[in-house]
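The lines below spell out each chain.
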Amino acid sequence: MKHRDIILFGVYSDLRTEVARRFLGFLWWILEPVMYMGAFYIVFGLALGHSRPGYVPLLLSGMVAWKWFDGSVRQASNAIQANAGLIQQIHVPKYVFALIPVLSNTFKFLIILTLLIISLLIAGYRPSLEWLALPVLIVNQLLFTIGFGFLLAAVLPFVPDLRQVVDNFLMLMMFMSGVFFSIHEIPESMAPLLNINPMTVMITAYRDVLLHNHWPSWGEQLYVLATALPLLGVALWIMQRNERKYAKLLF
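The protein carries the name Transport permease protein in an unreviewed UniProt entry, which gives Pseudomonas triclosanedens as its organism. UniProt annotates the protein under Sequence similarities (unreviewed entry) with the comment "Belongs to the ABC-2 integral membrane protein family."

Right, here's the structure in full:
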């Protein structure tokens, strides 16, 4: 709360700059994920023959949740290096720089999620009491995204070469998150292995709520929370412990 004004202004400035530097402005926030999802649908839904009734909503719900996580983590992990000049001029806790892109992507995610819900309603899906679980899912994923993004932001300035590992790990994580398939369609013996990935749990939960009108597994949501909080605690500890070292590393 002490740095709330800096964070809010940073988010506003980040969003405004992104709109100003693109010809299509804020419409690109919508077009980019639509094009991204369309490309994967052509590959997995049409070319590979996975298309079936209900596959498009399944793919869209998975991609919307994943794009929020992926974009936020990638930008947060690079936030300290990207603000090297500012870090050398003023003293601001380093988590502030990592939090700004996460919140910016969260704002864009809420817009895309709203459009997804509208498209589901048009397609014939009907809201139910279970949709009230959506805010809980959003907060839970936000905490995990912050924890994971903060940890990478804290470590990568010390090991810049690790970025390539992170990029490949996120790609592997995407294919193991059930973005292109339902966790309920795979052999039961494989489900526990895939559910180790918190994003698998989150994507399944969104689908259960939006597509099947089922309550999410609260035990699995507690698992995501139990993963997110230690990540966040370790990340903040590393940042605080090395607060004065970052400026020297980035010089």
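Colleague: How would you sum up the overall build of the protein? Please name residues and give values.
Modeller: Secondary structure summary: the protein contains 12 helices and 0 strands in total. Moving toward the C terminus, one meets the helices and strands of the protein in the order α-α-α-α-α-α-α-α-α-α-α-α. Relative to its 251 residues, the protein shows a buried fraction of 47%. For the protein, contacts bridging at least 24 residues in sequence account for 77% of all contacts bridging at least 6. Carbon and sulfur atoms form 69% of the exposed surface of the protein, whose accessible area is close to 13,200 Å².

Colleague: Give me the lowdown on the side chain of Lys94, citing residues and values where you can.
Modeller: The residue Lys94 is located in helix 6 (residues 94-122) in this model. Given a relative accessible area of 4%, Lys94 falls into the buried group. Dropping the residues within four chain positions of it, Lys94 is found in contact with Ile80, Ile87, Met239, Glu243 and Tyr246.

Colleague: Any details on a positive patch on the surface? Residues and values, ideally.
Modeller: Together, Arg241, Arg244, Lys245 and Lys248 make up a positively charged patch on the protein surface. Note that Lys245 resides in helix 12 (residues 245-249).

Colleague: Can you lay out the confidence of the model for the protein for me, pointing to particular residues and giving the numbers?
Modeller: Looking at the protein as a whole, the pLDDT averages 84, with 84% of positions reaching at least 70. Per-element confidence in the protein ranges from a low mean pLDDT of 65 for helix 2 (residues 27-47) to a high of 96 for helix 7 (residues 134-155).

Colleague: Before we move on, could you go through the nonpolar core and cite the residues and values that matter?
Modeller: Counting residues in hydrophobic clusters, the biggest one holds 66 residues, and the most contacted among them are Phe69, Tyr206 and Leu210. Residue assignment for this core shows that the elements contributing at least two residues are helix 1 (4-20), helix 3 (55-77), helix 4 (79-82), helix 6, helix 7, helix 8 (162-175), helix 10 (198-210) and helix 11 (218-241). Looking at which element gives the most residues to this core, the answer is helix 6, with 12 residues. Contacts of Tyr206, omitting those with residues within four sequence positions, involve Ala65, Trp68, Phe109, Leu134, Leu137, Ile138, Gln141 and Leu211.

Colleague: Quick rundown of the UniProt feature "transmembrane region" (unreviewed entry) in the protein? Include the residues and the values.
Modeller: What UniProt calls "transmembrane region" (unreviewed entry) maps, in this numbering, to residues 26-48, 107-125, 131-158, 165-183 and 222-239. The annotated region residues 107-125 carries 84% helix and 0% strand content, and the separation between its end C-alpha atoms amounts to 24 Å.

Colleague: Provide a residue-level description of helix 8, including the pertinent values.
Modeller: Over its 14 residues, helix 8 runs 20 Å from end to end, which matches the ideal 20 Å to within 8%, given 1.5 Å per residue. For helix 8, the full list of buried residues reads Val166, Leu170, Met173 and Met174. Down the axis of helix 8, the smallest arc covering the buried residues is 100°, so these residues share one side. In helix 8, the exposed positions that point more than 90 degrees away from the buried face belong to Gln164 and Asn168.

Colleague: Go over the pattern of salt bridges with me, naming the residues and quoting the values.
Modeller: The full count for this structure, using the stated rule, is 3 salt bridges. When the shortest N-O distance is used, the salt bridge between Arg74 and Asp167 registers 2.9 Å. Residue Arg74 is found in helix 3, and its partner Asp167 is found in helix 8; the two are separated by 93 residues along the sequence. Here Glu243 makes a salt bridge to Lys94, at a shortest N to O gap of 2.5 Å. Here Lys94 lies in helix 6 and Glu243 lies in the loop between helix 11 and helix 12, a separation of 149 residues in the sequence.

Colleague: Pulling in residues and values, what's your account of the environment of Leu120?
Modeller: As for its position among the elements, Leu120 is in helix 6. Considered as a pair, Leu120 and Leu210 are 90 residues apart in the sequence and their alpha carbons are 8.2 Å apart. Excluding its chain neighbours within four sequence positions, the residues that come into contact with Leu120 are Pro57, Tyr125, Leu210 and Leu211.

Colleague: I'd love a proper account of the environment of Tyr125, names of residues and values included.
Modeller: Here Tyr125 lies in the loop between helix 6 and helix 7. Measuring from C-alpha to C-alpha, the distance between Tyr125 and Pro57 comes to 9.9 Å, with 68 residues separating the pair along the chain.

Colleague: Any chance you could break down the packing of aromatic side chains for me, citing the residues and the numbers?
Modeller: To describe a pair of aromatic rings, you give the distance between the ring centres and the angle between the ring planes. Counted under the stated rule, the structure contains 9 aromatic pairs. Relative to Phe109, the ring of Trp68 lies with its centre 4.1 Å away and its plane at 15°, an arrangement referred to as stacked. A residue pair is termed long-range when its members are at least 10 positions apart, and Trp68 in helix 3 and Phe109 in helix 6 qualify at 41 residues. Take Trp68 and Phe109: they sit in the same class, and that class is buried.

What counts and what doesn't
- Residue positions are given per chain, counting from 1 as you read along its sequence in written order.
- Confidence filtering applies because this is a predicted model: local features only for residues at pLDDT of at least 70, side-chain atom pairs given and counted only at 80 or more, and all residues used for totals across whole chains, interfaces and linings.
- No hydrogens and no water enter the side-chain calculation; it runs on all heavy atoms of the structure.
- UniProt positions are given in the numbering used here, feature names are shortened, and annotations may be inferred rather than shown by experiment.
- Elements are defined by DSSP. Helices are runs of H or I of four residues or more, strands are runs of E of two residues or more, and each kind is numbered from the N terminus.
- Only protein chains enter the area calculation, which uses a 1.4 Å probe; residues under 20% of their type maximum are buried, those over 50% are exposed, and those in between are partly exposed.
- Only heavy atoms matter for contacts: two residues are in contact if any of them lie within 4.5 Å across the pair.
- To measure how exposed things are, a 1.4 Å probe is used in the Shrake-Rupley method; for residues, cover is taken only from the protein chains shown.
- Two joining distances apply to patches: 9 Å for like charges and 5 Å for nonpolar side chains (Val, Leu, Ile, Met, Phe, Trp, Tyr), and every residue must have over 30% relative accessible area and no salt bridge.
- Basic side-chain nitrogens of Lys or Arg form a salt bridge, by our definition, when they fall within 4 Å of a carboxyl oxygen of Asp or Glu.
- Under the counting rule used here, the positive set is Lys and Arg, the negative set is Asp and Glu, and His together with the chain ends is not counted.
- Each charge is placed at NZ for Lys, CZ for Arg, CG for Asp and CD for Glu.
- Per residue, pLDDT measures the predictor's confidence, with a range of 0 to 100.
- Nonpolar core, defined: a set of buried Ala, Val, Leu, Ile, Met, Phe, Trp, Tyr and Cys residues in which side-chain atoms within 4.5 Å join the residues together.
- Given the number of residues in a helix, its expected span is that number minus one, multiplied by 1.5 Å.
- Along the arc lie the directions from the helix axis toward the C-beta atoms.
- The rule is short: rings of Phe, Tyr and Trp, with Trp giving its six-membered ring, pair when the centres are within 6.5 Å, and they are stacked under 30 degrees, edge-to-face over 60, tilted in between.

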